[in-house]
Amino acid sequence: MTSSKKTASELRRDPVSQEWVVIATRRARRPNSFVKEKRTDWRVSKKDCPFEHLQDEGVPANWTTISIPNKYPAFSVGKKLNTRNIGPYQVMDGIGFHEVVITRDHEKDIPQFSLSKVKELIDLYQERYLDLMNEPLVNYVAIFKNKGPSAGASVAHPHSQIIAVPVTDPDVEQSIKGSLHFWKTHKKCAHCLMIAWDRKEKKRVVFENACYIALCPFASSVAFEIRIYPKNHFAYFERADDFEKQCLAEVFLKTFQKLEKGLNDPDYNYFLHTAPADGKNYDYYHWHFEILPKTGTWGGFELGTGVKISTIEPETAAEFLRKQ
Ligand SMILES: [Zn+2]
Ligand SMILES: [Zn+2]
């Protein structure tokens, strides 16, 4: 990459999404400049926390990790989509499931969990996934977490969410389509090729164990973006076996510990990208988690052009996180 240092930035293209991103090189920020200066104390006392009184709502008193219906759901349970047209517009009822996954401790989040607690969270994700994917109108199950106010969380108590809906979200759809296009063109999985290359180069690897790898993607769309992939080609998150989930739990734990230590507990979003649950064949897909730390605010260029700028090279970000 020495040659790229001559220019202010380098344009990199993601082979799946086909999107170009701008990686600042000459004016790239040093890793330490991303460290969150002060914790914004947005926490609420236990007494005012909506997740401290779940027993009153019929949840067994000894719960440790639980998924319950969201009190303010974005989708409601129903039996019919009621698809219709209004002039040129297509409309359907917002049918689906919206759950909140809550871990018991009011303060402790993933970096403070024991390995078995992280495993418990992943087990629950998979359990709920399997249940929800079999609901008649559900074609896609989204698992995601918004951590911190700048990532869109409204409750401080550690939690994540599951939405199961009839339609696949555009981001996943793009990832699926891009993977299929690559598969058809090259007869290979783009994600597998990237993983193999990155493991050989080692520069973007954050952490890996027997079956999973965490890396800062070559064409990162934000500073300190991280993806967690199964190292072998698997399309379906819900089929991960117990040993694989144990491995995933370790990579999850290490990754979030490194993020917390390195950047001083940044806000972030993470989400699962896995094959849709619509019964079609997605064997060409390669499921993964994407973690997007809130390390900056999008400016006019990003919003206006859709081209994202990462103000640190993924190689530098990964090296910094490896050391944590
Ligand atoms: Zn709480
Ligand atoms: Zn693959």
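About the thresholds
- Here the residue index of a chain counts from 1 through its sequence in written order.
- As they are written, the chains are lettered A onward and the ligands numbered 1 onward, keeping that order.
- Selection of residues for local features in this predicted model requires a pLDDT of at least 70, selection of side-chain atom pairs for listing and counting requires 80 or more, and totals for whole chains, interfaces and linings are taken over all residues.
- Hydrogens and water molecules were not included; the side-chain quantities draw on all heavy atoms of the structure.
- DSSP calls a pair of strands paired once it identifies at least 2 bridges connecting them.
- To qualify as a helix, a DSSP run of H or I must reach at least 4 residues; to qualify as a strand, a run of E must reach at least 2; elements of each kind are numbered from the N terminus.
- Axis lines are fitted through C-alpha atoms, for helices just across the contact stretch, and the angle between N-to-C directions can take any value from 0 to 180 degrees.
- Any two rings among Phe, Tyr and Trp, with Trp reduced to its six-membered ring, count as a pair given centres within 6.5 Å; such a pair is stacked if its planes are under 30 degrees apart, edge-to-face if over 60, and tilted if neither.
- Counted as over-ring charges are cases with an Arg CZ or a Lys NZ within 6 Å of the ring centre that also lie within 35 degrees of the ring normal.
- Sites may look incomplete, because water is not among the atoms used; the donor set itself consists of N, O and S atoms within 2.8 Å of the metal (3.2 Å for Na, K and Ca).
- In these descriptions, tetrahedral denotes four donors with every angle between 85 and 135 degrees, square planar four donors and octahedral six donors with opposite donors over 155 degrees apart and the rest between 65 and 115, and irregular any other case.
- Partly exposed describes any residue whose relative accessible area lies between the buried limit of under 20% and the exposed limit of over 50%, with all areas from a 1.4 Å probe on protein chains only and scaled to the type maximum.

Quick notes on the sheet that holds strand β1 (residues 9-13)
Now for step 1: On the basis of which strands lie adjacent, the open sheet formed by three strands has the order β1-β2-β14 and mixed pairing. Both outer strands of the open sheet, β1 and β14 (308-310), are each paired with one neighbouring strand and no more. For this sheet, the mean angle separating the axes of adjacent strands, direction not counted, is 30°.
Now for step 2: In this sheet, β14 lies alongside strand β2 (residues 20-24) in parallel orientation, the contact comprising three bridges.

Describing the packing of aromatic side chains
Now for step 1: Considering all chains together, one arrives at 15 aromatic pairs under this definition.
Now for step 2: These aromatic residues form a ring-pair network of at least three members: Tyr 129, Tyr 212, Phe 237, Phe 252, Phe 256, Tyr 268, Tyr 270, Trp 287 and Phe 289.
Now for step 3: If you follow Arg 12 out to its NZ or CZ, it ends over the ring of Phe 218, 4.1 Å from the centre.
Now for step 4: Above the plane of the ring of Tyr 236 lies Arg 239, whose end atom (NZ or CZ) is 3.9 Å from the centre.

Structural notes on the coordination of the zinc ion (ligand 2)
Now for step 1: The protein atoms that coordinate the zinc ion (ligand 2) are Cys 189 (SG), Cys 192 (SG), His 233 (ND1) and His 286 (ND1), at distances spanning 2.0 to 2.3 Å.
Now for step 2: Coordination at the zinc ion (ligand 2) is tetrahedral: its four donor atoms span angles of 104 to 115° at the metal.
Now for step 3: The partly exposed category is assigned to His 233, whose relative accessible area is 28%.

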